[in-house]
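# Survey of secondary and tertiary structure
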Amino acid sequence: MKPFPKNFYWGAGSSAFQVEGDIENMDWAKAAREKRVPEIGIACDHYNRYEADFDIIKELGHNAHRFSIEWARIEPEEGKFDEKEIEHYRAVLRALRARNIEPFVTLWHFTLPLWFSESGGFERKDAQEVFARYCRFVVEQLGDLCTHYSTINEALPYTSNGYRRGTWPPFRQWPGIGAVGVPSYDNMLDAKATVSWRNIGAYFRVLRRLAAAHNRAYDAIKQVHPHADVSIVHHVLLFHSDHKLLNLLKAWFMNWHWTHQHMRRVYRHCDSIGLNYYMHRKFGDTKTYEKTDMGWDVYPEGIYDALLMLQRYKKPLFVSEAGVADDDDDMRPDYIRRQIEGVWRAIESGVDVRGHMYWSLMDNYELAQGYRKRFGLVEIDYDTLERKIRPSAWVYKSIIENNGVTE
Ligand code: BGC
């Protein structure tokens with residue numbers, strides 16, 4: 001038996017635009033209308049079906065749930081907040097509380113209100129104030145129902161796909177990257193990226209501004225809710241290597257750029273840190289790995305190294321996302337077990353990990369890959385919107401019930 005600490009949070013995650021449906025006034029929806037990313041539409045209609053979805057979470061034994069608030073719903077026009085939408089998220093939080101499920105709210109998960117993206121998004125000089133004002137408002141309104149808030153989900157993938165590869169809004173690409181199309185159901189969509197040397201500067205500016213936005217939001221949240229637990233969610237892309245000096249240096253440099261450069265800017269303004277882990281890159285590796293449906297190496301045990309990498313910031317950690325795209329659910333049970341064993345090993349080595357949220361609760365809009373990649377513990381039939389619990393969800397449930405993986 002590999003037991004986890006008492007009161008460990010076990011759950012799964014989702015994000016607003018990937019599951020809610022019908023959000024038209026934000027940048028990804030606009031990009032979908034322009035056929036630069038796959039259509040989003042009604043998604044899983046989670047906006048209307050959250051009660052039933054939370055019944056499933058309960059049935060699956062989770063005691064925590066991570067979800068995000070859609071900025072474009074809350075602030076449809078600059079500086080104007082929509083009370084009705086706040087009421088919606090209050091109802092969502094009450095629905096979780098009624099089931100004894102601890103909410104982990106992410107304030108921003110990739111999508112920008114149109115007024116913000118069209119006025120420059122995180123390139124705006126005042127982006128940090130604008131973002132902090134939104135965060136402050138939300139926490140002021142929801143503070144009595146929720147303690148855990150993450151400000152920003154994954155600064156690096158956002159910036160890397162939006163300002164370097166040009167596959168996500170705002171579709172900016174560095175010269176030399178080549179035409180990167182985004183997959184749709186039948187063919188490759190033309191993301192119509194803008195290629196310019198200037199995007200290199202924009203990439204680094206946006207990264208800095210996201211860090212500043214987090215820091216500013218942290219202070220603003222603490223003013224209205226001093227006891228809130230405020231975190232940033234960081235995607236550790238794990239770089240490692242064989243023992244050749246050049247490969248060691250490459251891995252060191254990439255970890256510095258992808259993780260430490262960003263974390264050093266924000267960790268002082270964090271009560272805890274969320275880790276998203278999916279991928280590794282081992283320089284000098286000749287091994288062939290089994291692949292997930294995303295084409296990523298099956299290497300769940302890398303979560304151990306990812307947690308150790310974040311340990312140096314001396315904050316409580318929680319796994320905010322980790323999981324696998326696996327349409328037929330044949331690799332997911334084992335993947336989950338190995339992933340959780342990795343978390344357990346990290347705890348055994350002294351890392352303070354407080355929770356684990358599998359990504360994701362249900363199949364959803366997988367960003368530029370649309371609906372065909374399936375990460376869910378719960379399968380969605382996109383024609384009928386019927387939910388079907390996958391076998392792996394029961395495996396996860398038994399781990400939760402045992403508070404750890406049994407040998
Ligand atoms: C993102 C999710 C996404 C998942 C799988 C994470 O980087 O936060 O929104 O669905 O990866 O690609």
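The coordinates are above.
The following refers to the structure shown. Small disclaimer: the values here were computed from a predicted structure and weren't measured.

When helices and strands are tallied, the protein chain shows 13 helices and 16 strands. A globule of 407 residues ought to have a C-alpha radius of gyration of about 22 Å, and the protein chain, at 20 Å, matches this closely. Projecting the C-alpha coordinates of the protein chain onto the three principal axes gives extents of approximately 55 × 55 × 45 Å. Put simply, 76% of the contacts in the protein chain that link residues at least 6 apart link residues at least 24 apart. Carbon and sulfur atoms provide 50% of the accessible area of the protein chain, an area that totals close to 16300 Å².

Taken together, 14 residues lie near the ligand, and Gln18, His109, Glu154, Glu321 and Glu366 sit nearest. Interatomic distance of 2.9 Å between a side-chain N/O atom of Asn153 and an oxygen atom of the ligand. At 2.9 Å, a side-chain N or O of Glu321 approaches an oxygen atom of the ligand. Coverage of the ligand by the protein chains reaches 95% of its 310 Å² of free accessible surface. Applying the majority rule of atoms within 2 Å of the grid points places the ligand in the largest pocket. When grouped by side-chain class, the residues that make up the shell around the ligand number six nonpolar, five polar and three charged.

A few words on the layout of surface pockets. Looking at the largest pocket, its volume works out to about 820 Å³. Lining the largest pocket we find 39 residues, and of these Pro157, Asn161, Arg165, Trp168 and Met279 sit closest to its centre. Secondary-structure elements contributing two or more residues to the lining of the largest pocket are helix H8 (155–163), strand S7 (182–183), helix H9 (198–224), strand S10 (229–241), helix H10 (245–266) and strand S11 (272–283). At six residues, the largest contribution of residues to the lining of the largest pocket is made by H10.

This model, assessed by the stated rule, comprises zero disulfides. Take Cys135: it sits in no disulfide, and the sulfur closest to it among the cysteines is that of Cys146, at 13 Å.

Every α-helical turn comprises 3.6 residues, leaving residues that sit three or four positions apart pointing alike. With 16 residues, helix H5 (residues 83–98) should cover 22 Å at 1.5 Å per step; its first-to-last C-alpha distance of 22 Å lies within 8% of that length. Those residues of H5 not exposed but buried are Glu85, Ile86, His88, Tyr89, Arg90, Ala91, Val92, Leu93, Ala95 and Leu96. Contacts made by the buried residues of H5 are with helix H1 (16–19), helix H3 (46–59), strand S3 (64–68), helix H4 (71–74), strand S4 (102–108) and helix H7 (127–142). Among the residues of H5, the N-terminal cap falls to Asp82, whose side-chain oxygen and the backbone nitrogen of Lys84 are separated by 2.9 Å. Asn100 sits one or two positions beyond H5 and adopts a positive phi of about 65°.

Moving on: the side chain of Arg90. Mapping Arg90 onto the fold places it in helix H5. The exposure class assigned to Arg90 is buried, which follows from its relative accessible area of 15%. Setting aside chain neighbours within four positions, we find Arg90 in contact with Gln141, Leu142, Asp144 and Leu145.

Before going further, it helps to spend a moment on the side chain of His225. Within the secondary structure, His225 sits in the loop between H9 and S10. Apart from the residues within four sequence positions on either side, His225 is in contact with Val139, Gly143, Cys146, Thr147 and Tyr149.

With that settled, consider empty space enclosed by the protein. In total, this model carries two cavities of 30 Å³ or more according to the counting rule given. Of the pockets and cavities examined, the largest cavity occupies roughly 70 Å³. Around the largest cavity, the lining residues are Ser14, Ser15, Ala16, Glu20, His46, Tyr50, Phe54, Phe67, Ser68, His88, Tyr89 and Val92. When residues of the lining of the largest cavity are traced back to their parent elements, those giving at least two are H3, S3 and H5. Partitioned by chemical class, the residues of the lining of the largest cavity number six nonpolar, five polar and one charged. A volume near 40 Å³ is recorded for the second largest cavity. As for the second largest cavity, its lining consists of Ala16, Phe17, Ser68, Ile69, Glu70, Trp71, Leu107, Trp108, His109 and Thr111. When its residues are assigned to classes, the lining of the second largest cavity shows six nonpolar, three polar and one charged.

Read around the closed barrel, the eight strands follow the order S2-S3-S4-S5-S10-S11-S12-S13; overall the barrel is parallel. In this sheet, neighbouring strand axes are inclined to one another by 30° on average, regardless of whether the strands run parallel or antiparallel. Direction of pairing for strand S2 (residues 9–13) relative to strand S13 (residues 353–359): parallel, over a ladder of five bridges. Within S13, the position partnered with Tyr9 by the bridge is Gly355.

As a further point, take a nonpolar patch on the surface. Residues Leu245, Leu248 and Leu249 make up a contiguous nonpolar surface patch of roughly 300 Å² in combined accessible area. Structurally, Leu245 can be placed in helix H10. Look at Leu245 and you get exposed, because its relative accessible area is 62%.

Counting residues in hydrophobic clusters, the biggest one holds 135 residues, and the most contacted among them are Trp28, Trp71, Phe122, Phe131 and Leu307. The element best represented in this core is H9, accounting for 11 residues. Sequence-distant contacts of Phe131, that is, excluding residues within four places in its chain, are made with Trp71, Trp108, Phe122, Thr151, Ile152, Ala213 and Ala217. Within the second largest apolar cluster, five residues are counted, among which are Tyr278, Met294, Trp359 and Phe375.

Criteria and cut-off values
- Residues numbered from 1 in each chain as written.
- Predicted model: local features only at pLDDT ≥ 70, side-chain atom pairs only at ≥ 80, totals over all residues.
- Heavy atoms only, no water.
- Helix = DSSP H or I, 4+ residues; strand = E, 2+ residues; numbered from the N terminus.
- Rg over C-alpha atoms; globule rule 2.2 N^0.38 Å.
- Contact = heavy atoms within 4.5 Å.
- Areas by Shrake-Rupley, 256 points an atom, 1.4 Å probe, with all protein chains shown as cover.
- Near = heavy atom within 4 Å.
- Polar contact = N/O pair within 3.5 Å; in protein donor to acceptor, adjacent residues only side chain to side chain.
- 1 Å grid on protein atoms, 1.4 Å probe; cavity = no way out; pocket = protein on both sides within 12 Å on 5 of 7 lines; lining within 4 Å.
- Sits in = over half its atoms within 2 Å of the grid points.
- Nonpolar A, V, L, I, M, F, W, Y, C, P; charged D, E, K, R; others polar.
- Points joined across faces, edges and corners; volume = space filled by probe spheres on them.
- Disulfide = S-S within 2.5 Å.
- Expected span 1.5 Å × (residues − 1).
- Buried < 20%, exposed > 50% of the residue type's maximum accessible area, 1.4 Å probe, protein only.
- Pairing = 2+ DSSP bridges.
- Axes fitted to C-alpha atoms, helices over the stretch in contact; angles between N-to-C directions.
- Patch = residues over 30% accessible without salt bridge, like charges linked within 9 Å, V, L, I, M, F, W, Y side chains within 5 Å.
- Salt bridge = Lys/Arg side-chain N within 4 Å of Asp/Glu carboxyl O.
- Core = buried A, V, L, I, M, F, W, Y, C linked by side-chain atoms within 4.5 Å.

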